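If you want the building blocks of each chain, they are given just below.
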Protein chains: 2
Amino acid sequence: MTTIAIDAMGGDYAPDEIIQGAIQGAKRYNIKVLLVGQPDLINQSVKKLDFPDKCYDIVEASEVIEMGESAAAIRKKKNASIIVAAKCVKQGQAQALVAAGSTGAAMSAALLYIGRIEGIERPAIGLVLPSSAPSPCILLDAGANADCTAEMLTQFALMGNVFMQSVYQIDTPKIGLLNIGEEAGKGNALALQTYDQLMHDGRFQFIGNIEGHNLFTGGADVAVADGFSGNIALKSAEGVMTMFRSILKNEFESSQRKKLGYLFAKPALKGAIRHVDPEEFGGALLLGINGVCVISHGGSHARAVENAIRVAVHAIETKVIDRITSQI
Amino acid sequence: MTTIAIDAMGGDYAPDEIIQGAIQGAKRYNIKVLLVGQPDLINQSVKKLDFPDKCYDIVEASEVIEMGESAAAIRKKKNASIIVAAKCVKQGQAQALVAAGSTGAAMSAALLYIGRIEGIERPAIGLVLPSSAPSPCILLDAGANADCTAEMLTQFALMGNVFMQSVYQIDTPKIGLLNIGEEAGKGNALALQTYDQLMHDGRFQFIGNIEGHNLFTGGADVAVADGFSGNIALKSAEGVMTMFRSILKNEFESSQRKKLGYLFAKPALKGAIRHVDPEEFGGALLLGINGVCVISHGGSHARAVENAIRVAVHAIETKVIDRITSQI
């Protein structure tokens, strides 16, 4: 049976929301989850939820890594839940790791205890973005590596290519370089050098530069970026949506007539907002790690964890890690 | 009388929409506009619009720079409308330049014919963003300089500081560095070096790192970024809004009941969308040029041009260029 190890202690709403999402995911995708953390706390959460006990096991881990702890701290806490969860994957007790705590801690634990795919310089965070196009785009790196080289970006292109082939069944994914203009010759020194490398690589279909709007409106299947600008693209997009929702709320509350309007529009609005909700579009993959690792944002509720499990299950089923390994 | 020179030939909807916006702006802000371009085409547009002729003059320029023309081409076309418009500012016939054509051409014309403020290494594009906070944030550089140094970013901070003091009457603007995390020590090599410089500069209030969401939801008055990540932040935010509007449209069209819901919600929705519409929040300033230069996006309609004139008028009235000059 497919088994996924979950850091039950990581995330703003751990352990309750993490465990609820994990067990919902286990039931939905017919898998088993290993809830890794402090057994007494986990048992308390599970009791509250009243789920059948067949779909989970508890794995003890006495320590917890808090948000914002340094990499040095992570190395010291050898019995932290995220580390024990990573070890479950390394030792074959689980086929994937799902974590909603600190991204840095998850990356460190994955690197130290699961390891990189041989030949991969640095893993990248790969996030499938919501899109108005029929098929979505994966952005990588969405924030793991602030400083990148053209060689790293070329590996990100390759990993994104395999991901879209495996998980989205696109034969020859369109690989775009996130840039500030579509024309060749645009961009900073790294973008220019990367453009040249991607153009001459030959292992994937490079379509040239893409811009920020293509991330959400189509045009490319894979958006390659350094982790600095990739993360800024993502957070700016999230920010503008937060702003828009706040403005929309104020507009609807500005008169009785508009309040009434909201009641009529609510079903369509909820549907559209759900489409762009970070809870909905699931976790990000740490591509380049020698195992399936999915990280969900720190503020994840149960639905986000359930969706992160969906991402992990798809990655396991489509053997995306094996396929990356064979192509590097 | 305040006079603004407008490149009547630049932009996707030139000359009609540009001229309509220019004349609307002239009437609204009680200024005169110089419509720079081919007189026969300008006269045709003006005739269609049937405006009083007191608020504009026509200045002849025989050539036009098309979108995507190289910098070399710009240098050759000495009688192009954007260049003649820039010369109007240099020679004192106008106090500001407004252009909706190629950003590169406007930047080149401004640099070559108006010049930099002494001591400024490179001008930046400063764009005031829509916000859900009571006071907006100016992002600079929004795309003029793909490769930046910490020294350039420090000058951007200084110019943004003066801008918010002058135009938004904020005594001590909060200056943030656009980064991928709030903690000190986050970011790429440039961000780390810039953080250090901004922290020790002393000429403005540096509040540390900010993230993409702060651009639109408050927290800083000035967001300092290299032109690469600044432009990506902007385009990603525009992209996600385009996506959301498209999804919302589909949702409202998905059933008769939802169509009815749209009719009731329309006033509030239009109000909210207007708030984030690039046509509405006006043009971007080329800060660091020794004169007021406002660029509007290539797809500007009349309303965007009218708003670009608003930005130019405010910059003239608040003497933002003089104040930057005196502080460098």
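Residues numbered from 1 in each chain as written. Chains lettered and ligands numbered in written order. Predicted model: local features only at pLDDT ≥ 70, side-chain atom pairs only at ≥ 80, totals over all residues. Heavy atoms only, no water.

**Observations concerning the sheet that holds strand β10 (residues 284–287) of chain A**
Residues and elements named next belong to chain A.
Piece 1. Strand order in the open sheet formed by eleven strands is β3-β2-β1-β4-β11-β10-β5-β6-β9-β7-β8, and the pairing between neighbours is mixed. The open sheet has two free edges, formed respectively by β3 (56–60) and β8 (205–210), since each of these has just one partner strand. Across the sheet, the mean angle from the axis of one strand to that of its neighbour is 25°, orientation sign disregarded.
Piece 2. Sheet topology note: the strand β1 (residues 3–7)/strand β2 (residues 32–37) ladder contains five bridges and is parallel. Considered in β2, the bridge of I4 is made with V33.
Piece 3. Along the sheet face, helix α7 (residues 189–201) touches β7 (174–178) and β8 and points at about 160° away from the line of β8. (Pairing = 2+ DSSP bridges. Helix = DSSP H or I, 4+ residues; strand = E, 2+ residues; numbered from the N terminus. Axes fitted to C-alpha atoms, helices over the stretch in contact; angles between N-to-C directions. Contact = heavy atoms within 4.5 Å.)

**Points about helix α11 (residues 302–317) of chain A**
Residue and element names in this part refer to chain A.
Piece 1. In this model α11 runs 23 Å from its N-terminal to its C-terminal C-alpha over 16 residues, within 8% of the 22 Å that 1.5 Å per residue would give.
Piece 2. The element α11 is largely enclosed, with a buried count of twelve among its 16 residues.
Piece 3. Looking one or two residues beyond α11, the residue adopting positive phi is K319, at roughly 50°. (Expected span 1.5 Å × (residues − 1). Buried < 20%, exposed > 50% of the residue type's maximum accessible area, 1.4 Å probe, protein only.)

**A look at the relation of the copies chain B and chain A**
Piece 1. When chain B is fitted onto chain A, the two copies agree to an RMSD of 0.0 Å after a turn of 180° and an axial shift of 0.0 Å. When the rotation and shift are considered jointly, the pair of chain copies conforms to a two-fold rotation axis. (Least-squares fit on C-alpha atoms with pLDDT ≥ 70 in both.)

**Notes on the sheet that holds strand β7 (residues 174–178) of chain B**
Two pairing modes exist for strands in a sheet, parallel and antiparallel, and in both the strands are linked by backbone hydrogen bonds.
All names here are of chain B.
Piece 1. Ordered by their spatial adjacency, eleven strands build an open sheet running β3-β2-β1-β4-β11-β10-β5-β6-β9-β7-β8, and the pairing between neighbours is mixed. Looking along the sheet, the strands with just one partner apiece sit at the ends: β3 (56–60) and β8 (205–210). With direction set aside, neighbouring strand axes in the sheet form an average angle of 25°.
Piece 2. In this structure, strand β10 (residues 284–287) lies alongside strand β11 (residues 292–295), joined through two bridges in antiparallel fashion.

**Side note on the pattern of salt bridges**
All names here are of chain A.
Piece 1. Scanning the entire structure with this criterion turns up 16 salt bridges over all chains.
Piece 2. Among the salt bridges present, the one from E306 reaches R28, with a minimum N-O distance of 2.8 Å. Highlighted residues: E306 in helix α11 and R28 in helix α1 (residues 16–29), separated in sequence by 278 residues.
Piece 3. The exposure class assigned to E306 is buried, which follows from its relative accessible area of 10%. (Salt bridge = Lys/Arg side-chain N within 4 Å of Asp/Glu carboxyl O.)

**Some words on the interface of chain B and chain A**
Piece 1. Chain B puts 52 residues into the contact, and the matching count from chain A is 52 residues.
Piece 2. Across the interface of chain B and chain A, roughly 4400 Å² is buried in total on both sides, 79% from carbon and sulfur atoms.
Piece 3. Broken down residue by residue, the surface that chain B buries against chain A is led by I180, F228 and F244 of chain B, which jointly contribute 15%.
Piece 4. At the junction of chain B with chain A, the criterion picks out two salt bridges.
Piece 5. Here E211 of chain A makes a salt bridge to K235 of chain B, at a shortest N to O gap of 2.4 Å.
Piece 6. The interface formed by chain B and chain A includes eight residue pairs in polar contact (both at pLDDT 80 or more).
Piece 7. At the level of elements, α7 (189–201), α8 (214–217), α9 (227–252) and α10 (256–275) of chain B are the ones that each hand at least two residues to the side of chain B that touches chain A. (Buried area = accessible area lost by both parts, 1.4 Å probe. Polar contact = N/O pair within 3.5 Å; in protein donor to acceptor, adjacent residues only side chain to side chain.)

**Describing unusual backbone geometry**
Residues and elements named next belong to chain A.
Piece 1. Residue P15 follows A14 across a cis peptide bond; omega there is -5°.
Piece 2. Turning to its location among the elements, P15 is positioned in the loop between β1 and α1.
Piece 3. With a phi close to 55°, N30 is a non-glycine residue in the positive phi region.
Piece 4. Inspection of the secondary structure assignment puts N30 in the loop between α1 and β2.
Piece 5. Judged by relative accessible area, which is 60%, N30 ranks as exposed.
Piece 6. Located in the positive-phi region is K319, a residue other than glycine, with phi close to 50°.
Piece 7. Tracing the chain through its elements places K319 in the loop between α11 and α12 (320–327).

**Some words on the packing of helix α1 (residues 16–29) of chain B against helix α2 (residues 39–49) of chain B**
All names here are of chain B.
Piece 1. As a packed pair, α1 and α2 sit with axes 9 Å apart at the nearest point and diverge in direction by 60°. By the criterion of interaxial angle, the relationship of α1 to α2 is oblique. In this structure, the crossing between α1 and α2 has a hand that is right-handed. Of the residues in α2, those in contact with D16, I19, Q20 and I23 of α1 are I42, S45, V46, K48 and L49.
Piece 2. Here the contact of α1 with α2 is built from residues that sort into five nonpolar, two polar and two charged. (Parallel < 35°, antiparallel > 145°, perpendicular 65-115°, else oblique. Left-handed = near helix turned anticlockwise from the far one by under 90°. Nonpolar A, V, L, I, M, F, W, Y, C, P; charged D, E, K, R; others polar.)

**Some points on the packing of aromatic side chains**
Piece 1. If you walk through the whole model with that rule in mind, you get eight aromatic pairs over all chains.
Piece 2. With a centroid separation of 5.7 Å and an interplanar angle of 70°, the aromatic rings of F244 of chain A and F244 of chain B are classed as edge-to-face. Remark: F244 of chain B occurs in helix α9 and F244 of chain A occurs in helix α9 (residues 227–252); the pair is interchain, linking two chains.
Piece 3. The class for F244 of chain B is buried, based on a relative accessible area of 0%.
Piece 4. Taken together, a centroid distance of 4.0 Å and an interplanar angle of 10° make the contact between F264 of chain A and F264 of chain B stacked. With F264 of chain A in helix α10 (residues 256–275) and F264 of chain B in helix α10, this pair bridges two chains.
Piece 5. Judged by relative accessible area, F264 of chain A falls into the partly exposed class, the value being 37%. (Phe/Tyr/Trp six-rings, centres within 6.5 Å; stacked < 30°, edge-to-face > 60°.)

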